[in-house]
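Structure assessment
Listed here are the chains, written in short residue letters.
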Amino acid sequence: MSTLAGFDIGGTKCAVVLGRLAGEGVELIGKRSFPTPAPPDAAMQQLMDTLEEMLREHAVEDLGAIGISCGGPLDSRRGLVLSPPNLPGWVNMDVVTPTRERFGVPASLQNDANAGALAEWLWGAGRGFDNIIFLTMGTGMGAGLILNGQLYAGTSDMGGEVGHIRLSEDGPVGFGKAGSFEGWCSGGGIARLAQAKAEAALAEGRPPLYCPSLEDLPNVTAESVAAAAHEGDILALEVWETVAHYLGRGLATLVDVLNPQRVIIGSIYGRQRDLLEPVAMRVLQEEAIPYSLEVCEVVPAGLGERIGDLASLSIALHTLNRKR
């Protein structure tokens, strides 16, 4: 039984995880997180030092592979982190070669959406299917694609950048584009939409529950708007209805183009499914090709909040399977 290791590289924090294959799943046996050091070299050094300490601590002698998950853009074939906006200074940074050389096992890199798709395909809601789309729907909106039983990354590792699709001529900005899928259906986009609606309501003397005054505008988040919606706040409910409408429109585009068996949506969708699903599914039914929709199911991530921990381990297992 091989032990898998993973590095999760983020703009504010990094994590090292260890897991062992157990039956048809994976058992997490260790995790350590730390704030991301500013210099990339220092971050990689700390990731590798931490893994070495964890291998000793857990007496691991059968490390099989290491998976590295990081936000894009990146070049997975060469193992390079190119220049993610949330990681200043990480320009053409080779994260695979030093990892592979230090630990003497296969190592590979994927963006976080692809890692999430692999995790759901191997251990979650995508298990047993050949064609799935995994949507992150968190801070941003990206997709990982499993097509014909294989991870699809595109010609230059830019496959799955669905957040850039324009769903309307105007709207919240996401991925540098107003009215984009990411603008309407991400944590940041939902907050911006709610702030704009709150500002207009405050000017009319109708303060919403999630933003009683102009001073509260910077503190508006998708989470606070959801809490207000669950308490019956009219404007908050309007925000979520709008988001759900554009989620349905985005889903219809993906279903029509890729004809998947399952669309799996992470993070916000799982937490706020009651606010999103009724309207999103109605719009999806109205807009998608019926023949495509009848073979597709839209579900929340099966791994739930565990997906972040398991994503990099799924890259490690994918790497190991390709070597066999």
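Bear in mind that the values here come from a model prediction, so they are computed numbers and not experimental data.

Remarks on the sheet that holds strand β6 (residues 80–81)
Pairing is antiparallel across the open sheet formed by three strands, whose spatial order is β5-β6-β7. Since the sheet does not close on itself, it has two edges, and those belong to β5 (74–75) and β7 (93–94), each with one partner. Relative to β6, β5 runs antiparallel, the two sharing two bridges. If you follow Leu74 over to β6, its bridge partner there is Val81.

What to know about helix α5 (residues 187–203)
Given a rise of 1.5 Å per residue, 17 residues ought to cover 24 Å, and the 24 Å separating the end C-alpha atoms of α5 matches this to within 8%. Here the buried face of α5 lies against α4 (181–184), α6 (222–230), α7 (234–258) and α8 (268–271).

Brief notes about the environment of Phe7
The residue Phe7 is located in strand β1 (residues 3–9) in this model. Residue class for Phe7 comes out buried when judged on its relative accessible area of 0%. With residues near it in sequence (within four places) discarded, Phe7 still touches Ala15, Val16, Leu47, Met48, Leu51, Ile66, Gly67, Ile68, Ser69, Thr99 and Ser312.

Some details on the packing of α6 against α7
Remark: α6 packs on α7, axes separated minimally by 8 Å, with the N-to-C direction vectors making an angle of 120 degrees. Taken together, α6 and α7 sit at an angle that is classed as oblique. Read as a crossing pair, α6 and α7 show a hand that is left-handed. On α7, the residues that touch Ala222, Val225, Ala226, Ala228 and Ala229 of α6 are Ala236, Leu237, Val239 and Trp240. Split into classes, the residues belonging to the contact of α6 with α7 amount to nine nonpolar, no polar and no charged.

Section: unusual backbone geometry
Where the residue is not glycine, phi is negative for most of them; where a peptide bond is considered, it is trans in most cases. Backbone torsion omega between Gly72 and Pro73 reads 5 degrees, so that peptide bond is classified as cis. Note that Pro73 resides in the loop between β4 (63–70) and β5. Phi at Asp157 takes a positive value of approximately 65 degrees, unusual for a residue other than glycine. One non-glycine residue with positive phi stands out, namely Asn259, at about 50 degrees. Structurally, Asn259 can be placed in the loop between α7 and β14 (262–265).

Reading guide: rules and limits
Residues numbered from 1 in each chain as written. Predicted model: local features only at pLDDT ≥ 70, side-chain atom pairs only at ≥ 80, totals over all residues. Heavy atoms only, no water. Pairing = 2+ DSSP bridges. Helix = DSSP H or I, 4+ residues; strand = E, 2+ residues; numbered from the N terminus. Expected span 1.5 Å × (residues − 1). Contact = heavy atoms within 4.5 Å. Buried < 20%, exposed > 50% of the residue type's maximum accessible area, 1.4 Å probe, protein only. Axes fitted to C-alpha atoms, helices over the stretch in contact; angles between N-to-C directions. Parallel < 35°, antiparallel > 145°, perpendicular 65-115°, else oblique. Left-handed = near helix turned anticlockwise from the far one by under 90°. Nonpolar A, V, L, I, M, F, W, Y, C, P; charged D, E, K, R; others polar.

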